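# Structure at a glance
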Amino acid sequence: SITQQWIETVPEYFEGRNYINRGIGGQTTPQMLIRFRQDVVKLRPKVVVILAGTNDIAGNTGPSSLEMIEDNIHSMVEVAHANGIEVVLCSVTPAYEYSWRREVKDVPEKIMELNSRLKKYASISGSVYCDYFTALADERNGLPSSLSGDGVHLNSDGYAIMAPLADRAIAQALTIWNMRNNKAK
């Protein structure tokens, strides 16, 4: 929903850019992995931006360990790389709690641990890491009310913080793509 709502909240960010927004609200990493070939690989992009994991932590489709989330994200990255697609792997955005799943405990700690693992994996896999968390988190490691109405989903001010981070990460991934593909010629 964070990706889906970006184009709904700030459509002008996508205008004039060769970006396709494939965010679907509420989806978890296994659902994203299932549709990865049709929604990413078949479109033959140079770069894919993966922002995933918060719905898994929330338990949207049942209990999910950090290892399960990692496995699904790793699989998406591996499929992308096998198809010549560079990856921008994004940190999970901050949340102190999930209003629809208040029974989920230690949300900030789980998000921070997953982000630590994602950052390490990005380095190992040759992906670009985009750190939204650090730029958005408040003193509780949640999302401040100035950036969100519900503590999870961003408003236009939140997306304004994310936009230059995404732009830099995509530019970096495109540079890598261009270097790899120019060497091949």
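Everything here concerns the structure above.
Description of the structure in this document.

## Some points on the overall build of the protein chain
Assigned secondary structure in the protein chain consists of 7 helices and 3 strands. Beginning at the N terminus, the succession of helices and strands in the protein chain can be written as α-α-β-α-α-β-α-β-α-α. Against the globule reference of 16 Å for 185 residues, the protein chain gives a C-alpha radius of gyration of 16 Å, in line with a compact fold. Referenced to the eigenvectors of the C-alpha coordinate spread, the extents of the protein chain come out at roughly 55 × 35 × 25 Å. Restricting to contacts in the protein chain with at least 6 residues of sequence separation, those with at least 24 account for 71%. Positive and negative side-chain charges of the protein chain, numbering 19 and 21 respectively, have mean locations separated by a distance of 9 Å.

## Here's the deal with the pairing of strand 2 (residues 86–90)
Each regular strand carries side chains that alternate between the two faces of the sheet. Where burial is concerned, most of strand 2 is hidden: 5 out of the 5 residues are buried. Here 4 bridges tie strand 1 (residues 47–50) to strand 2, and the two strands are oriented parallel to one another. Bridge pairing links valine 49 to valine 88 in strand 2. Here 3 bridges tie strand 2 to strand 3 (residues 128–130), and the two strands are oriented parallel to one another. Within strand 3, the residue paired with leucine 89 across the bridge is tyrosine 129. As for the winding sense of the linkage, the β-α-β connection from strand 2 through helix 5 (residues 107–125) to strand 3 is right-handed.

## Brief notes about the packing of helix 2 (residues 29–39) against helix 4 (residues 66–82)
Two measures define how a pair of helices packs: the angle their axes make with one another and the distance between the axes. Relative orientation of the contacting elements helix 2 and helix 4 amounts to 15°, with a least axis distance of 9 Å. By the angle class used here, helix 2 and helix 4 are roughly parallel. The interaxial crossing formed by helix 2 with helix 4 has left-handed handedness. Listed contacts from helix 4 to Thr29, Pro30, Met32, Leu33, Phe36 and Arg37 of helix 2 are Ile69, Asn72, Ile73, Ser75, Met76, Val79 and Ala80.

## What about the packing of helix 4 against helix 5?
Across the interface, helix 4 lies against helix 5 with an axial gap of 11 Å and an inter-helix angle of 30°. When the interaxial angle is binned, helix 4 and helix 5 end up roughly parallel. In this structure, helix 4 meets helix 5 at a crossing whose hand is right-handed. Contact residues: Leu66, Glu67, Ile69, Glu70, Ile73, His74, Val77, Glu78 and His81 in helix 4; Lys110, Glu113, Leu114, Arg117, Leu118, Tyr121 and Ser125 in helix 5.

## A look at the side chain of aspartate 138
In this fold, aspartate 138 is placed in the loop between helix 6 (132–136) and helix 7 (156–183). Among buried Asp, Glu, Lys and Arg side chains, aspartate 138 stands out as unpaired, with arginine 140 the closest opposite charge at 4.3 Å. In this structure the side chain of aspartate 138 is engaged in a polar contact, spanning 2.9 Å, whose partner is the backbone nitrogen of arginine 140. With residues up to four places along the chain from it excluded, the contact list for aspartate 138 reads Leu143 and Pro144.

## With respect to the packing of aromatic side chains
In this structure the tally under the stated criterion is 7 aromatic pairs. Ring plane angle 25° and centroid distance 4.9 Å describe the contact between tryptophan 6 and tyrosine 13, whose orientation is recorded as stacked. Assigned by exposure class, tryptophan 6 and tyrosine 13 land together as buried. Ring plane angle 50° and centroid distance 6.2 Å describe the contact between tyrosine 13 and tyrosine 19, whose orientation is recorded as tilted.

## Things to note about the layout of surface pockets
A volume near 1,100 Å³ is recorded for the largest pocket. Every residue lining the largest pocket is counted, 42 residues in all, and those nearest its centre are Ile20, Asn21, Arg22, Val48 and Val49. Only helix 1 (2–9), helix 2, strand 1, helix 3 (54–58) and helix 7 provide two or more residues apiece to the lining of the largest pocket. Residues of the lining of the largest pocket, tallied by class, amount to 25 nonpolar, 11 polar and 6 charged. In this model, the second largest pocket occupies a volume close to 170 Å³. The wall of the second largest pocket is formed by 14 residues, among which Tyr96, Arg140, Leu143, Asp150 and Gly151 lie closest to the centre. For the lining of the second largest pocket, the class distribution of residues is 3 nonpolar, 6 polar and 5 charged.

Calculation criteria
Residues numbered from 1 in each chain as written. Predicted model: local features only at pLDDT ≥ 70, side-chain atom pairs only at ≥ 80, totals over all residues. Heavy atoms only, no water. Helix = DSSP H or I, 4+ residues; strand = E, 2+ residues; numbered from the N terminus. Rg over C-alpha atoms; globule rule 2.2 N^0.38 Å. Contact = heavy atoms within 4.5 Å. Lys, Arg positive; Asp, Glu negative; His and termini not counted. Charge placed at Lys NZ, Arg CZ, Asp CG, Glu CD. Buried < 20%, exposed > 50% of the residue type's maximum accessible area, 1.4 Å probe, protein only. Pairing = 2+ DSSP bridges. Right-handed = clockwise from strand over helix to strand, strands pointing away. Axes fitted to C-alpha atoms, helices over the stretch in contact; angles between N-to-C directions. Parallel < 35°, antiparallel > 145°, perpendicular 65-115°, else oblique. Left-handed = near helix turned anticlockwise from the far one by under 90°. Salt bridge = Lys/Arg side-chain N within 4 Å of Asp/Glu carboxyl O. Polar contact = N/O pair within 3.5 Å; in protein donor to acceptor, adjacent residues only side chain to side chain. Phe/Tyr/Trp six-rings, centres within 6.5 Å; stacked < 30°, edge-to-face > 60°. 1 Å grid on protein atoms, 1.4 Å probe; cavity = no way out; pocket = protein on both sides within 12 Å on 5 of 7 lines; lining within 4 Å. Points joined across faces, edges and corners; volume = space filled by probe spheres on them. Nonpolar A, V, L, I, M, F, W, Y, C, P; charged D, E, K, R; others polar.

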